[in-house]
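Residue-level listing of the chains:
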Amino acid sequence: AEDIIAMLRAECMRGRVSWLMPCTVSGVARAATGYRVLTGQGEVAAPSVVLATGGMAIPQLGATDFALGIARQFGLKVVEPRPALVPLTFDAQQWQPYSALAGVAVEVGVGVGADSKSDATARVAAGSSRRKGEAAVRFIEDLLFTHRGLSGPAILQISSFWNPGRSLVVDLAPERDLADALSAMKAGSRQRLGTVLAGLWPKRLAERWLQDAMPGEAGLADMRLADVPDRLLRKLAQDIHAWTLTPTGTAGYKKAEVMRGGVDTRELNQKTMEAAKAPGLYFIGEAVDVTGWLGGYNFQWAWASGVACGKAVSDASSTCAA
């Protein structure tokens, strides 16, 4: 990180950047030509202003909604911001049976399911229940149980597509047909069903799942696989492939890696990031309604939009000088 900072400072020096640090910025206003930036060290006049202040994620590092406020001030539409790439939480009473699994991780497939207020069947294939115009999104990644809900790469990824009131559909045995697998293992098997599932998952998860999966089937975990009726195995497999639950919220901006939403991309020139309604005003990075997956995509967007904007501002300055 220090090498990156040193490189950026060197490039700024090469570009003759003037630093005002420490310095607070209270606002941006139009001027006769260009803009006035209102700061704790007085007004700064500029032909163009670039908002590179990020989004609202990780406020403990100083993140705010400053860029969104400026966008609204100049009449730009803002897509409602929400935490993204963030753990999901559940009602404490609802989550109580699973809170003891905190620390357990397992690979899953996860998608957004039905609206909890709709009459649609909740137990659907991951991602198949979606609103008109939405693309089905499903991630196969690790899921992590926490004391308050779910985290891990699978949940962080799907959180960018989840909205309050929607359910999640979690496949706890992705890319396999569990019903067929259990049926094939059944003949002559002397293994307990709990032991079989413990070979698929961490033992704590297997025990908890069999305890809660079918309340009317006491002792299911201790039954020999060969003695479990086919109908129960099919029901068990169906529930494992489509565990449906509805989060009550997220862990918030303090735990979110990024903010989704922001300045509507339709308000900006796609090549320069300049606001059509406010020539000379630019928005880049996380302040814009562009949200990437895990894996460096959000960093890439920040750098790419910054480069596009920087070239545009430089070209505009050269034209003015000429």
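Provided above is the structure to which this section pertains.
Keep in mind it's a predicted model, so treat the numbers as computed, not measured. (Residues numbered from 1 in each chain as written. Predicted model: local features only at pLDDT ≥ 70, side-chain atom pairs only at ≥ 80, totals over all residues. Heavy atoms only, no water.)

**Here's the deal with a nonpolar patch on the surface**
Right, so step 1: Taken together, the side chains of Ile4, Met7, Leu8, Phe299 and Trp303 present a nonpolar region at the surface, about 540 Å² in accessible area.
Right, so step 2: Elements that contribute at least two residues to the nonpolar patch include exactly helix H1 (2–14) and helix H9 (297–321).
Right, so step 3: The leading source of residues in the nonpolar patch is H1, at three residues.
Right, so step 4: With respect to the helices and strands, Phe299 occurs in helix H9. (Patch = residues over 30% accessible without salt bridge, like charges linked within 9 Å, V, L, I, M, F, W, Y side chains within 5 Å. Areas by Shrake-Rupley, 256 points an atom, 1.4 Å probe, with all protein chains shown as cover. Salt bridge = Lys/Arg side-chain N within 4 Å of Asp/Glu carboxyl O. Helix = DSSP H or I, 4+ residues; strand = E, 2+ residues; numbered from the N terminus.)

**Regarding the side chain of Gln157**
Right, so step 1: Mapped onto the fold, Gln157 is located in helix H4 (residues 153–159).
Right, so step 2: Classification of Gln157 as buried rests on a relative accessible area of 4%.
Right, so step 3: Not counting chain neighbours up to four residues away, the residues in contact with Gln157 comprise Leu85, Phe139, Glu141, Trp293 and Leu294. (Buried < 20%, exposed > 50% of the residue type's maximum accessible area, 1.4 Å probe, protein only. Contact = heavy atoms within 4.5 Å.)

**Remarks on the packing of aromatic side chains**
Right, so step 1: What the rule picks out here adds up to ten aromatic pairs.
Right, so step 2: Plain terms: the ring middles of Trp209 and Trp243 are 5.6 Å apart, the flat faces sit at 85° to each other, and that makes the pair edge-to-face. Of this pair, Trp209 sits in helix H7 (residues 203–213) while Trp243 sits in strand S11 (residues 243–245), and the two are 34 residues apart along the sequence. The exposure classification of Trp209 matches that of Trp243, with both residues buried.
Right, so step 3: Among the aromatic residues, those joined into a ring-pair cluster are Phe90, Trp95, Tyr98, Phe145, Trp201, Trp209 and Trp243.
Right, so step 4: Of note, Arg9 hangs over the ring of Trp19, and the distance from its end group to the ring centre comes to 5.2 Å. (Phe/Tyr/Trp six-rings, centres within 6.5 Å; stacked < 30°, edge-to-face > 60°. Lys NZ or Arg CZ within 6 Å of the ring centre and 35° of its normal.)

**Brief notes about unusual backbone geometry**
Right, so step 1: For the bond from Met21 to Pro22, the omega torsion is -5°, close enough to zero to count as cis.
Right, so step 2: Relative to the helices and strands, Pro22 resides in the loop between H1 and strand S1 (25–30).
Right, so step 3: The phi angle at Met273 is positive, at roughly 70°, despite the residue not being glycine.
Right, so step 4: Relative to the helices and strands, Met273 resides in the loop between strand S13 (258–263) and strand S14 (281–283).

**Quick word on the sheet that holds strand S2 (residues 35–39)**
Right, so step 1: Spatial strand order, S1-S2-S3: three strands in an open sheet with antiparallel pairing. Of all the strands in the sheet, the pair left with one neighbour each is S1 and strand S3 (42–46). Here the strands of the sheet are splayed against their neighbours by 20° on average, with no regard to which way each runs.
Right, so step 2: The pairing of S1 with S2 spans five bridges and is antiparallel. Its bridge partner lying in S2, Gly27 is registered against Leu38. (Pairing = 2+ DSSP bridges. Axes fitted to C-alpha atoms, helices over the stretch in contact; angles between N-to-C directions.)

**A word on the layout of surface pockets**
Take a probe with the size of a water molecule and roll it over the atoms, and the empty space left behind shows itself.
Right, so step 1: Empty space within the largest pocket amounts to approximately 1600 Å³.
Right, so step 2: Along its surface, the largest pocket is lined by 35 residues, and Cys12, Val17, Ser18, Trp19 and Val50 are the ones closest to its centre.
Right, so step 3: For the lining of the largest pocket, the secondary-structure elements that each account for two or more residues are H1, S1, S2, S3, strand S4 (49–51) and H9.
Right, so step 4: The residue makeup of the lining of the largest pocket, split by class, is 24 nonpolar, eight polar and three charged.
Right, so step 5: Here the second largest pocket defines a volume of roughly 780 Å³.
Right, so step 6: In terms of lining residues, the second largest pocket is bounded by 27 residues, among which Gly54, Glu257, Glu286, Phe299 and Ala302 are the most central.
Right, so step 7: No other element matches the six residues that H9 contributes to the lining of the second largest pocket.
Right, so step 8: In terms of residue class, the lining of the second largest pocket is made up of 17 nonpolar, eight polar and two charged. (1 Å grid on protein atoms, 1.4 Å probe; cavity = no way out; pocket = protein on both sides within 12 Å on 5 of 7 lines; lining within 4 Å. Points joined across faces, edges and corners; volume = space filled by probe spheres on them. Nonpolar A, V, L, I, M, F, W, Y, C, P; charged D, E, K, R; others polar.)

**Regarding the pairing of strand S7 (residues 105–115)**
Right, so step 1: Most of S7 sits out of view: eight of its eleven residues are buried.
Right, so step 2: Direction of pairing for S7 relative to strand S8 (residues 138–145): antiparallel, over a ladder of seven bridges. Of the residues in S8, the one forming a bridge with Gly109 is Ile140.
Right, so step 3: Where S7 lies against strand S10 (residues 166–171), five bridges are found, and the strand directions are antiparallel. By the bridge assignment, Val112 is partnered in S10 with Leu168.

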